[in-house]
Protein chains: 2
Amino acid sequence: MKYFLLLFTLLSSSLNFSQEVSRKEILVQNITEFNSAVSSAKPGENIIMASGVWKDVELIFKGNGTKDQPISLSVEEKGKVTIEGKSSLKLAGEYLIVDGLYFKNGFTPSNSVIQFKVDNDNIANHSRVTNCVIENFTQPSRDVQDHWIEFWGRNNQLDHCYIAGKSNSGPTLRVFLKGNENINTHHQIINNYFGPRPRKGGPHGETLQIGSSETSMTPAYVNVAENLFYRCNGEVEIISSKSNFNQFSHNVFFESEGSLVLRHGNYATIDGNVFIGNDNSEFIGGIRVINTGHWITNNYFYKLKGSEFRSPLAVMNGIPKSPLNRYNQVTDVVAAFNTYVNCISPWHFSVGSNVDKSEVLPATEIRSARPERVLLANNLIYNDKEQNFPIVAYDTVDGVRFKNNISNSINKSEVQDKGIITKDFKIKKISDYLYVPVENLTEVYSGFDFEKIQEDIFGTNRTEIKSIGAVSLPVEKDQRLFELSEYGPDWYTPVKESKKSKIFKVSTTDELLEVLQKTASEDIIEVKSGTYKLEVSIPINKKISIRSEKGKKKAILQFSESNSSPAFEMNPEGALKMENIILKGTKNRDAFGTLKENMSSAYNLWIDNSEISGFKNLLKVSQRSFADTISIANSTIKDLQSGINLAEETDDKGEYNAEFVYITNSNFSNIKEEVLNYYRGGYDESTIGGNLILTGNTFKNSGTSENTEILLKTRGIVNVVFSDNSFIDNSVKYIAILWGEKGQKPENNSIKNSGEIKIEENLKQKLMY
Amino acid sequence: MKYFLLLFTLLSSSLNFSQEVSRKEILVQNITEFNSAVSSAKPGENIIMASGVWKDVELIFKGNGTKDQPISLSVEEKGKVTIEGKSSLKLAGEYLIVDGLYFKNGFTPSNSVIQFKVDNDNIANHSRVTNCVIENFTQPSRDVQDHWIEFWGRNNQLDHCYIAGKSNSGPTLRVFLKGNENINTHHQIINNYFGPRPRKGGPHGETLQIGSSETSMTPAYVNVAENLFYRCNGEVEIISSKSNFNQFSHNVFFESEGSLVLRHGNYATIDGNVFIGNDNSEFIGGIRVINTGHWITNNYFYKLKGSEFRSPLAVMNGIPKSPLNRYNQVTDVVAAFNTYVNCISPWHFSVGSNVDKSEVLPATEIRSARPERVLLANNLIYNDKEQNFPIVAYDTVDGVRFKNNISNSINKSEVQDKGIITKDFKIKKISDYLYVPVENLTEVYSGFDFEKIQEDIFGTNRTEIKSIGAVSLPVEKDQRLFELSEYGPDWYTPVKESKKSKIFKVSTTDELLEVLQKTASEDIIEVKSGTYKLEVSIPINKKISIRSEKGKKKAILQFSESNSSPAFEMNPEGALKMENIILKGTKNRDAFGTLKENMSSAYNLWIDNSEISGFKNLLKVSQRSFADTISIANSTIKDLQSGINLAEETDDKGEYNAEFVYITNSNFSNIKEEVLNYYRGGYDESTIGGNLILTGNTFKNSGTSENTEILLKTRGIVNVVFSDNSFIDNSVKYIAILWGEKGQKPENNSIKNSGEIKIEENLKQKLMY
């Protein structure tokens, strides 16, 4: 162990006195030295981890610093110290600082990566984790639950960290409130960059969870401010606030598929946040409200197209006398001074109303308690095109007061109220995503306690300048909604995938196999016409395209019999695009499959303009595998035992095997069993819920096996488009059974000598709660 | 209207400057003048109600005073201004003071007597009601619900008031928290004298209720301090705290049948309170705990003999994922530095555990969630006699930690823990009810946040002096637990019933009737031997005794036929003691009955050493009537159609018609229908629940009517003693069906040619919630 002794002077300029602090720096090379340094650490000391890879280390950082003399853990050179393998960090004590750690290439062997607690008798307080990165440090299997950051204790802080890539079960960051030591926390979660969290295909994919239903009565006082949530797509809740008196201010939610959800607990403040959607997605949400006493002010919503749970503002119906873990009624909520630009229908009331589902749900699940004593005031709605439905109501709206809200379109919603005013005002663009009226709309309503709303989104004093909406004029000429540089560590920039693809041309089986090995992600393999005999199973663990030469005859990939391994084996992060290929098998092998386990992250599979025949299954997946997208387009699929199997998640806990399944303009024939089995079980509302686009296909002579009652199984899948298909001579009872409640209906299909397409209005599902 | 203009000087001694305030006094003679004065009232003005009876006035006191110049409403002479009839007072505005009002001889025509709100747009803040009396201002019918004081708004105060005698449905004082205007209240309820609230015989008889289950998530911050609760016997909850952050400190609960209950909401502080029971009652409780995060410190418990819901400290089991209005699990509760003197078994854990009742209760009623993370520390238990069971456990005790608790008896409870220490210490008496150790027991445990417990019950600093229990030595030589003079108005003293009884001797029917009219309460009428023919119905509306002369032959009261009015008609507050009397009827009339309606308060009936025959019913009551006690002792009852009917409360909402029924050493014969029908319906735990003592009687040749299956019906009655009776030749299937769960069992009865006594373990009852 090397010791550095460093003396330096801190000058406290504001109080104009100086103080000499002795600061000892201790460089540690390995876990033994680390432990030794920690065990003798004194206030003011700085333990420095030497550059290099720290593999399989479970760091316990325990000590008692002081406010003026904290104990620090930092690194020799930022970015050069990586913590890999089965590793974690636990803190306990007072006034600790962790600065610059970088977790990658591994996962935690315990329940968390960074934890503000060693055990119940050793909790961290007044401690800070700053400038750290946790990247893709995800469990091999998505059903293994962990959290990357666990808050315990009081007055702890996470700031300027970059955290991205969690694919497994469990919120990325969770604040625990169990035990009096862990309430009234005043934790600070600020200036962090929460990078992409991929779709999970099941619940427990939150980015932040603060408390739980069991601890939802606790005063938490967690402050979540100035963070960026960038494409946090894990599930319907980006942030799940489950405790009292939390504050969410000046965060940016950028194209994140989900909402800031006030799930349990009360009296949250949501002020000055920015929600940015786009033209394409209906999954990007805003704020969803449950419970009592929240104040939602000065927020800016841009191009949010979601509805119901994913509305820009979703005010839910509650369950009368709700069980602790379900939905309390919304009462005494104020939403004021918010701006909605191009959000079409910003306000959805009585979201989750399900009185009509009482035949399939128990009374304790029926959300019939409408919002009460809710006030919407001084909000601004602007749409480029006339949009006449600012309000979508799923039940009677009788508990909401509207005061001085202004829209530039006429309100033709069922809810008519003098508090929703049509006014033809103009806006101007200030910077990316930021549009403001050309002049202040000054007819401001002043409600009870409104004097608490002192500033607008940019800090302009509201007492002095009156204006409807989030922004008061004047704004600075180049005012921006957010600055990327504010978020995450200064030493780290998230990788942008913008690499150019290389094209490799092959004409023999050996070349093909060799190139498959050496290509980098995004590369393309162009296969000359001819037949390629393949005896192996080809693993796909990167993004790769295989296609025949343009304008030439399709190459034939002829797979031999096999010990049941599939022709192509999808690995985590694998993405295969197959174009203009003829794929042939010899019956007893699957064309595509996944790893049996450790499918730690999602894969993708696109098949276009190809012909596949002579396999057992077209696709057979393992239980915990998850595909973001599976697409079969313009292709011919024939002579298989079975088609696409995405029905291995049978625990009925809301998990499923693929998010998007596109089957378009293709011909299926002689598929003996189901052509598709796409399944999601369990009564869950956390996810997009599976998406099937099935259009323009022909299905012929399939479903001939004795046990095949349904040709295309989609039980539990939420979004289904089912149109323009032909069904000819399929010996099944049902072509499909669609879910009426979710708006599924067949359109423009032709059916000849096949079963019927049935619609089941309500689905009886297993309760998970 | 007379105007007084008064100038006086306020001297603020602490800041040592003087200020001249113009203070206008306006004497008002009637409601018109009152309204006029109110409508023009300005800060600093004092509206004075003229002496006399103000009848049927609905006072609206609305105005805006200031902190330094409040608007006052007071009286010309304290005690000489009474508000009677159908009257009420509503306040709205800021800085109002109400001083010295006296409500009696009436009831409110609305939902409250004094209300800190006129309507939802006119709420009172920073207002004070002081020095007022509300006495017996109860609704004519107990099922009509009201509150005597309704708190709304913020920063209001009730102090030095005397409030007693509410018999009808509804908490005496209720704090409302619905709406953001009514949270974070910081209301002060201090130095009040809550006088007797009689047993109600049903739920909704709380003295204080703060919030409701629907608003139990609100921060209330109500301060209940330095009040006296004197024989507040309304129901099982004297105080029902149903919101967050309430404080209960230095209150005295004197022989009050119920508990301070933390029913909903969390983080209450219960500090320095005194609970005084006696040797006779098992109904006087202490503190009952539900929910999270409460601190129970420095309380002094004396002679509390209750168990289960009425234990000195009852820590309940919760319902897993409880509905909002039922029982949350107890977690993170601290009970420290409390003293228990002669409480036998102070600590009851998992109270309300009812796993064994799953056959009669739905899952949402099963309390199986045991307390978790509960800490008992530094508590002191003293018993005069060896008492070996400080703990009663209704389920496994695995979530409670014990630290440094000291008892002077050996702990032989099932729960054995090093934190319950046996130590033979001595105590001494300081003053009434106050016993302290002769020296401090100084081995104090210091738990998380214990530094918050800065003082003992009398304000002694705990940092300087360490001691187990509520009291640190030294205490002042004549230290008292409480001073009566601190409570209620200075101008009013509650009436003590200590009047001497007069004896009136009568020898003719006319004399008897005349004397019955003119006697005062507590008087005695002595009837000479002979027969008194009575054709009227005798109303009993005071406390009266009728007896034959001592040592002489029993007088015979012979009642004629009648238009169905009873011989004796019990009125509210009526109490009849009949001794050595022969009461005869002519079959078609009831011996005793009640008013058909407006039985605004309880009555009592004692029959001793008498003979009653030839009536229809012995006692027939009306639906809303309630008897505190009915006693039949050493008497002969025969030749009736039916016996005692106390089964008119059939709404099944927990109400019943009598609290105590004693039938002892009496002979019943030739009662054609039931001898007793005593009923309580609905699944309710708010009340003592009815009490029947049935011992030493003989029942003969009864129940002969065709429809009579059960001789003595007691369905739903909680406490039944059933012993040493003889049953001879009663033609019924069952003599009685007892309730096994409540420990009811027949003992030492002899049965000859009668039905059987059955025990039903669990009773299926109508759910009320």
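Every value quoted in this text rests on a predicted model; they were computed, and no experiment measured them.

Thresholds, definitions, all that
In this numbering scheme, every chain counts its residues from 1 along its sequence in written order. Chain letters start at A and ligand numbers start at 1, both assigned in the order the entries are written. Selection of residues for local features in this predicted model requires a pLDDT of at least 70, selection of side-chain atom pairs for listing and counting requires 80 or more, and totals for whole chains, interfaces and linings are taken over all residues. A helix here means a DSSP run of H or I that spans at least four residues, while a strand means a run of E at least two residues long, and both kinds are numbered starting from the N terminus. C-alpha atoms define the radius of gyration, and 2.2 Å times the number of residues to the power 0.38 defines the globule rule. Buried residues are those with 20 or more other C-beta atoms within 10 Å of their own C-beta, exposed residues have 12 or fewer, and partly exposed residues lie in between; C-beta atoms are placed from the backbone. Once C-beta atoms are placed from the backbone, any two residues with those atoms within 7 Å are in contact. Just so you know, the domain bounds were taken from an automatic or database domain assignment. Residues below a pLDDT of 70 in either copy are left out; the C-alpha atoms of the rest, at least 70 in both, set the least-squares superposition of the copies. Between any two strands, at least two bridges found by DSSP are needed for them to pair. Directions are taken from the helix axis to each C-beta atom, and the arc is the one they span. Helix axes are fitted only over the stretch in contact, all axes being lines through C-alpha atoms; the angle between N-to-C directions runs from 0 to 180 degrees. Note that Gly is not counted as nonpolar here; it falls among the polar residues with everything else outside the nonpolar set of Ala, Val, Leu, Ile, Met, Phe, Trp, Tyr, Cys and Pro and the charged set of Asp, Glu, Lys and Arg. Values of pLDDT, which run from 0 to 100, indicate the predictor's confidence residue by residue.

Focus on the overall build of chain A
Move 1: If you tally the helices and strands in chain A, you get two helices and 73 strands.
Move 2: The C-alpha atoms of chain A give 28 Å as radius of gyration, which agrees with the globular expectation for 769 residues (27 Å, within 12%).
Move 3: For the C-alpha atoms alone, the extent of chain A along its principal axes is close to 85 × 75 × 50 Å.
Move 4: Classification of the 769 residues of chain A by burial places 53% in the buried group.
Move 5: For chain A, the proportion of contacts with a sequence separation of at least 24, taken over those separated by at least 6, is 73%.

Observations concerning the domain arrangement of chain A
Move 1: As assigned here, chain A comprises domain 1 (266-487), domain 2 (504-606) and domain 3 (641-769).
Move 2: Domain 1 of chain A and domain 2 of chain A are separated by 49 Å when their C-alpha centres are compared.

Side note on the relation of the copies chain A and chain B
Move 1: Rotating chain A by 180° and translating it 0.1 Å along the rotation axis places it on chain B, where the RMSD comes to 0.1 Å. As the rotation angle and translation indicate, the two copies are arranged about a two-fold axis. Ranked by how close their C-alpha atoms come to the rotation axis, the residues of chain A are headed by Pro323(A), at 2.0 Å.

Regarding the sheet that holds strand β62 (residues 658-664) of chain A
Strand pairing in a sheet relies on backbone hydrogen bonds. The paired strands run either parallel or antiparallel.
Residues and elements named next belong to chain A.
Move 1: Taken in spatial order, the 10 strands make up an open sheet running β46-β47-β50-β53-β56-β59-β62-β65-β68-β71, and their pairing is parallel. Both outer strands of the open sheet, β46 (503-506) and β71 (746-747), are each paired with one neighbouring strand and no more.
Move 2: For strand β53 (residues 575-579) and strand β56 (residues 603-608), the ladder comprises five bridges, and the chain directions are parallel. Bridge pairing in β56 links Lys-577 to Trp-606.

Some words on the pairing of strand β53 (residues 575-579) of chain B
Move 1: Relative to β53(B), strand β50 (residues 543-548) of chain B is paired through five bridges, and the arrangement is parallel. Pairing of Ser545(B) across the sheet is with Lys577(B), part of β53(B).

Let's talk about helix α1 (residues 31-39) of chain B
Residue and element names in this part refer to chain B.
Move 1: Where α1 is concerned, the buried positions are Phe-34, Ala-37 and Val-38. Buried positions in α1, seen along its axis, are confined to an arc of 100° and lie on one side of it. Exposed and oriented more than 90 degrees from the buried face of α1 are Thr-32 and Ser-39.

A word on the sheet that holds strand β57 (residues 611-613) of chain B
Residues and elements named next belong to chain B.
Move 1: Spatial ordering of the open sheet is given by β48-β51-β54-β57-β60-β63-β66-β69-β72, a layout of nine strands whose pairing is parallel. Whereas interior strands pair on both sides, the edge strands pair on one side only; in this sheet they are β48 (531-534) and β72 (750-752). If you compare each strand with its neighbour and ignore which way they point, the axes differ by 10° on average.
Move 2: As paired elements, strand β54 (residues 581-584) and β57 share three bridges and run parallel to each other. Following the sheet pairing, Lys-584 is matched in β57 by Ser-613.

Notes on the interface of chain A and chain B
Move 1: Every contact between the two is made by 19 residues of chain A and, on the other side, 19 residues of chain B.
Move 2: The class makeup of the residues in the side of chain A that touches chain B is four nonpolar, 10 polar and five charged.

Describing the pairing of strand β61 (residues 642-646) of chain B
Residue and element names in this part refer to chain B.
Move 1: Burial analysis of β61 places five of its five residues in the buried class, which makes it a mostly covered element.
Move 2: Bridge count for strand β58 (residues 617-620) against β61 is three bridges, and the pairing is parallel. Bridge assignment links Leu-619 to a residue of β61, and that residue is Ile-644.
Move 3: As judged from the three bridges shared by β61 and strand β64 (residues 676-678), these two strands associate in the parallel manner.

Things to note about the confidence of the model for chain A
Residues and elements named next belong to chain A.
Move 1: In the predicted model, chain A carries a mean pLDDT of 94, and the fraction of residues at 70 or more is 97%.
Move 2: Segment residues 1-21 is flagged for pLDDT under 50; beyond a separation of four residues in sequence, or across chains, it makes 24 contacts in the model.
Move 3: Both scores are available for the predicted complex, with the pTM at 0.93 and the ipTM at 0.92.

Things to note about unusual backbone geometry
Among all residues save glycine, negative phi is the norm, and among peptide bonds the norm is trans.
Residues and elements named next belong to chain A.
Move 1: Of the consecutive residues Leu-473 and Pro-474, the connecting peptide bond is found in the cis state with omega at 0°.
Move 2: Here the phi dihedral of Arg-373 falls at roughly 50°; this positive angle occurs in a residue that is not glycine.
Move 3: On the secondary structure map, Arg-373 appears in the loop between β37 (347-351) and β38 (374-377).

Points about the environment of Val315(A)
Residues and elements named next belong to chain A.
Move 1: By the element assignment, Val-315 lies in strand β34 (residues 313-316).
Move 2: Taking the number of C-beta atoms within 10 Å as the measure of exposure, Val-315 has 29 and is therefore buried.
Move 3: Remark: the alpha-carbon pair of Val-315 and Cys-343, spanning 28 residues in sequence, is separated by 16 Å.
Move 4: Excluding its chain neighbours within four sequence positions, the residues that come into contact with Val-315 are Val-289, Val-330, His-348, Phe-349, Val-351, Pro-371 and Val-374.

Details of the environment of Phe61(A)
Move 1: Mapping Phe61(A) onto the fold places it in strand β5 (residues 58-64).
Move 2: Between the C-alpha atom of Phe61(A) and that of Phe116(A), which follows or precedes it by 55 residues, the distance is 9.6 Å.

Structural notes on the environment of Gly703(B)
All names here are of chain B.
Move 1: Tracing the sequence through the fold places Gly-703 in the loop between β66 (698-700) and β67 (712-713).
Move 2: Note on Gly-703: 27 C-beta atoms within 10 Å, which makes it buried.
Move 3: Taking C-alpha positions, Gly-703 is 7.4 Å from Val-675, a pair spaced 28 residues apart along the chain.
Move 4: Excluding its chain neighbours within four sequence positions, the residues that come into contact with Gly-703 are Glu-674, Thr-708, Leu-711, Asn-730, Ser-731 and Val-732.

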